[in-house]
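# Topology and contacts: notes
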Amino acid sequence: MFKNLFGKFRDSKLNKTFEKVFNKINNFKSKHNSSMLASIFFPRWLFYGLITLIFSLFDVFFVQFMIQVGMGQNLTQKIEAATNFIIGGLTPGSQTHQVVLNLIFVFAIFGVILAVTNRFWLTFILNNLIFIVFGIADQQKLVYRNEAIMPSDLSQLSNPFALVSFIGMSAFELIAIFIAGILAVTVLYFLFRRFDSRIKFTKWYIRLPLFLICGLVLFSAQDLYTPGTIPNKVALHFDDTPKPWDTNLDQRDNGAIYSFMRFFDDKVMTMPSGYSKAAIEKIDKKYSKIAKKINKTRKNYLNQQTVIYILSESFSDPRRVPGLTVNPDPIPKIRSLKTKTTSGLMLSSGYGGGTANLEYQALTGLSLTNFLATLTSPYVQLVPGSSYVPNVSNSWSIKNAIHPYLPLVYDRSTVYKKMGFQHFYSLYSPKVKYSSRIGKNPYASDESAYKDILLQLNKTSKPQFIQTPTIQNHLSYNNWYDKYTFDIKSTYNRSSWESTEVKTYVQGLNYTDDSTEKFIEALNKIKRPITVVWYGDHLPGIYDSEMKDSKNLLKLHETDYFIYSNKASKSHSTKLTDNTSYTSPNYFQALAAEHMNTKVSPFLALLTELREQIPASSNALAKNGSALWEPNENKNIYLNNSGEQINNSDLTKEQKQLLKDYKMVQYDITRGKHYVKNDGFMKVPSK
């Protein structure tokens, strides 16, 4: 069949026309290359240089055009924004030369590919394809997650089918696109070869230095954010203005390609001034005394209870979203439960994404506020290479994780193993028993997740720890359900896309409300003490209209939490009210210990003291920029028990000392000498 097709093309008028054109071109003989069209007009080296520069500028322009998302821009405004980034960066006297930084890395990647392949046109095609794919991927993540693409996202490439499923693409469609891409690259390469028959580009003694120089440029990305380094000085010379608190804004201002490369500088923490074994011993003694004082009135032991951490994907009361009215109440049962037990609002470090970051803080008691801004995902960048990962599960001999989704997302399979979990039940082996869905929702229902938890509880009567991130209410919300029972209105002029997403999301919350009530009822029938720490990780990224109003930014970073003990627990009727209105996930260990009246370690004593002084903290800053979320010197955000921001300049001496001690301990755990590992600082009293 293919032979006949090629034969027909060979004899066609179109092919004869091509042959005439190519014959005319080939009549112009270059001294060095008999079929080099470029040599007709100017030197070959100049032609190669010009085409590389022009299309490298196009790559930067294309990516900048694609990331103009979520700002209500029309097509003309998006083109203007991308054009101004290019022109402004190349204009003498301009204060915004970041385009040069982007071009440096485009050239570096081009140079590496060229040095390896020694084929100019293949390099030309592949390099452009890389940045076209990058631009599209960045745009899709901004649309669906309201997050810019980051180096830590590269780990998700190990499971491309799961990755594209988030944007509604099937495995078949991905494979088809991949095959089409290969065919397109092949066809384009041979078409270019018709104009330039030169195959090998240059000699090895030129390619080797080219590879080393370009490789060094790419390698230098790991120091772009480190003050005093040569890469950082070069970046500042070309007007780099890092905005790590808002990666979307950082990409728009500094260029998406360069911003992405800068985040390869993923240094975890800077060593606190005065860090030493003696300093850690001093902190140990200080909080050991406080723990001893606290434990005098605590009667229970943590390892004698069963504790379940449930991260409810994207759960947050929609009635708190400014301008949004929802009738009837979609979560009446959870709302009622919160009035009877320890509960409040959690300050989230994410919006539309960042689940694993909240999970990390909840499990470890460590805070993103102490890390450098270049650490965007502890699960991906920190934990896999750590030899010491103390976490809440350390108090139990039986500890398991359940997540009715793919185990590779956020590298959870590696993380849970590092944390000491015995089993991680997911859609892969070992597999969860329950994974039913609701309507057209592609994710396992919360009811299924709760059934798997109950199954695990029934396997043993011994105390245990269970970690469960749910998945039901994950984006995107594509009109999944057969029936919609809520009237939703907004004072904002919302798009049809927003309305559909919110409608689907709210209906999903109602299903979560029903299944959570049934789960609590099931726990109450079990005749041994069980406590649940339940929290929403972040709001879904579906409130674009509301997010544009800077007054709404705090509200859009608040989720719901509660801590509930079943009827068999002595803490069943407990409802803490002291500094519980607002909290942070890093405080859950200390807050749960207080709720259960269990004894604490010196580390939990530190968190207890810190929680009383600073009820909530976060490093999350606004997606669109605001004075509220951009404190001076890019410092962290602290809230009092009324949800009001505590200015950094207003922190008391005691608060500053607590924060200093906390940072010192966190450095020792994550990047220091692990002095706390064997001195009992992290050990919770057991029985």
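Placed above this text is the structure.
Now for the overall build of the protein chain. In terms of regular secondary structure, the protein chain is built from 23 helices and 13 strands. In the protein chain, of all internal contacts separated by at least 6 residues, the share reaching a separation of at least 24 is 76%. Put simply, the protein chain shows about 30,800 Å² of open surface, and 59% of that area lies on carbon and sulfur atoms.

The subject of this paragraph is a nonpolar patch on the surface. Taken together, Val-116, Trp-204, Tyr-205, Ile-206, Leu-208, Phe-211 and Leu-212 make up a surface patch of nonpolar side chains, about 760 Å² in accessible area. With 6 residues, the top contributor of residues to the nonpolar patch is helix α9 (residues 204-219).

Another aspect to go through is the side chain of Ser-445. Positionally, Ser-445 belongs in the loop between β5 (423-425) and α18 (446-457). Beyond its immediate chain neighbours, meaning those up to four positions away, Ser-445 contacts Ser-436, Arg-437, Ile-438 and Gln-472.

Spatially, 3 strands are ordered β11-β12-β13 in an open sheet, and the strand pairing comes out antiparallel. For this open sheet the edge positions go to β11 (616-618) and β13 (645-646), each flanked by a neighbour on one side alone. Two elements, strand β12 (residues 637-639) and β13, share 2 bridges in a ladder whose sense is antiparallel. Looking at the pairing, Leu-639 lines up with Gln-645 of β13.

Turning next to the nonpolar core. Here is a general trend for soluble globular proteins: nonpolar side chains tend to be buried in one another's company. Core analysis: the largest hydrophobic core is formed by 120 residues, its most contacted members being Ile-308, Tyr-379 and Tyr-543. Discounting residues that sit within four places of it in the chain, Ile-308 has contacts with Ile-453, Leu-457, Ile-466, Phe-519, Leu-523, Ile-530, Thr-531, Val-532 and Val-533. Ranked by size, the runner-up nonpolar core spans 27 residues in total, among them Ile-67, Val-69, Ala-256 and Tyr-258.

Looking at the element boundaries, Thr-369 is found in the loop between α15 (355-364) and α16 (378-381). Here Thr-369 is in contact with Ser-617, Ser-618, Asn-619 and Asn-636, once residues within four sequence places are set aside. Within the structure, Thr-369 has its side chain in polar contact with the side chain of Ser-367 (distance 2.7 Å).

Taken as a whole and assessed by the stated rule, the structure comprises 35 aromatic pairs. Measuring from centroid to centroid gives 5.7 Å for Tyr-561 and Phe-588, while their planes differ by 50°, and the two rings are tilted. Within this pair, whereas Tyr-561 is found in strand β9 (residues 558-565), its partner Phe-588 is found in helix α21 (residues 588-596), the two being separated by 27 residues in sequence. Both residues of the pair, Tyr-561 and Phe-588, belong to the buried class.

So, on to the sheet that holds strand β6 (residues 465-469). Read from one edge of the open sheet, 8 strands run β5-β4-β6-β1-β8-β9-β3-β10, paired in mixed fashion. Each edge of the open sheet carries a strand with a single partner, namely β5 and β10 (582-583). Running at roughly 165° to strand β1 (residues 306-312), α18 makes contact with β1, β4 (399-402), β5, β6 and β8 (530-536) of the sheet.

In this structure, the amide linkage connecting Asn-327 to the following residue, Pro-328, adopts the cis form with an omega of -10°. Mapped onto the elements, Pro-328 comes out in the loop between β2 (324-327) and α14 (332-338). One non-glycine residue, Asn-579, lies in the positive phi region at around 55°. With respect to the helices, strands and loops of the structure, Asn-579 is situated in the loop between β9 and β10. Owing to a relative accessible area of 13%, Asn-579 belongs among the buried residues under this scheme.

So, on to helix α4 (residues 75-90). For α4, with 16 residues, the first-to-last C-alpha span of 23 Å sits near the 22 Å given by 1.5 Å per residue. Among all positions in α4, only Ala-82, Phe-85, Ile-86, Gly-88 and Gly-89 are buried. Against α3 (44-66), α5 (98-117) and α11 (247-254) lie the buried residues of α4.

The next thing to look at is α15. Most of α15 sits out of view: 10 of its 10 residues are buried. Listed in full, the buried residues belonging to α15 are Thr-355, Ala-356, Asn-357, Leu-358, Glu-359, Tyr-360, Gln-361, Ala-362, Leu-363 and Thr-364. Gly-365 sits one or two positions beyond α15 and adopts a positive phi of about 80°.

What follows is about the packing of α4 against α5. When two helices pack together, their arrangement is captured by the angle between the axes and the distance separating the axes. Contact pair α4 / α5: the axes reach a minimum separation of 7 Å and the direction vectors enclose 100°. As the angle between them shows, α4 and α5 are arranged roughly perpendicular. On the side of α4, the interface is formed by Phe-85, Ile-86, Gly-89 and Leu-90, while α5 contributes Gln-98, Val-99, Val-100 and Asn-102. Of the residues belonging to the contact of α4 with α5, the class tally is 5 nonpolar, 3 polar and no charged.

Rules used in this analysis
- Residues numbered from 1 in each chain as written.
- Predicted model: local features only at pLDDT ≥ 70, side-chain atom pairs only at ≥ 80, totals over all residues.
- Heavy atoms only, no water.
- Helix = DSSP H or I, 4+ residues; strand = E, 2+ residues; numbered from the N terminus.
- Contact = heavy atoms within 4.5 Å.
- Areas by Shrake-Rupley, 256 points an atom, 1.4 Å probe, with all protein chains shown as cover.
- Patch = residues over 30% accessible without salt bridge, like charges linked within 9 Å, V, L, I, M, F, W, Y side chains within 5 Å.
- Salt bridge = Lys/Arg side-chain N within 4 Å of Asp/Glu carboxyl O.
- Pairing = 2+ DSSP bridges.
- Core = buried A, V, L, I, M, F, W, Y, C linked by side-chain atoms within 4.5 Å.
- Buried < 20%, exposed > 50% of the residue type's maximum accessible area, 1.4 Å probe, protein only.
- Polar contact = N/O pair within 3.5 Å; in protein donor to acceptor, adjacent residues only side chain to side chain.
- Phe/Tyr/Trp six-rings, centres within 6.5 Å; stacked < 30°, edge-to-face > 60°.
- Axes fitted to C-alpha atoms, helices over the stretch in contact; angles between N-to-C directions.
- Expected span 1.5 Å × (residues − 1).
- Parallel < 35°, antiparallel > 145°, perpendicular 65-115°, else oblique.
- Nonpolar A, V, L, I, M, F, W, Y, C, P; charged D, E, K, R; others polar.

Interpretation in functional terms is not warranted from these geometric data alone.
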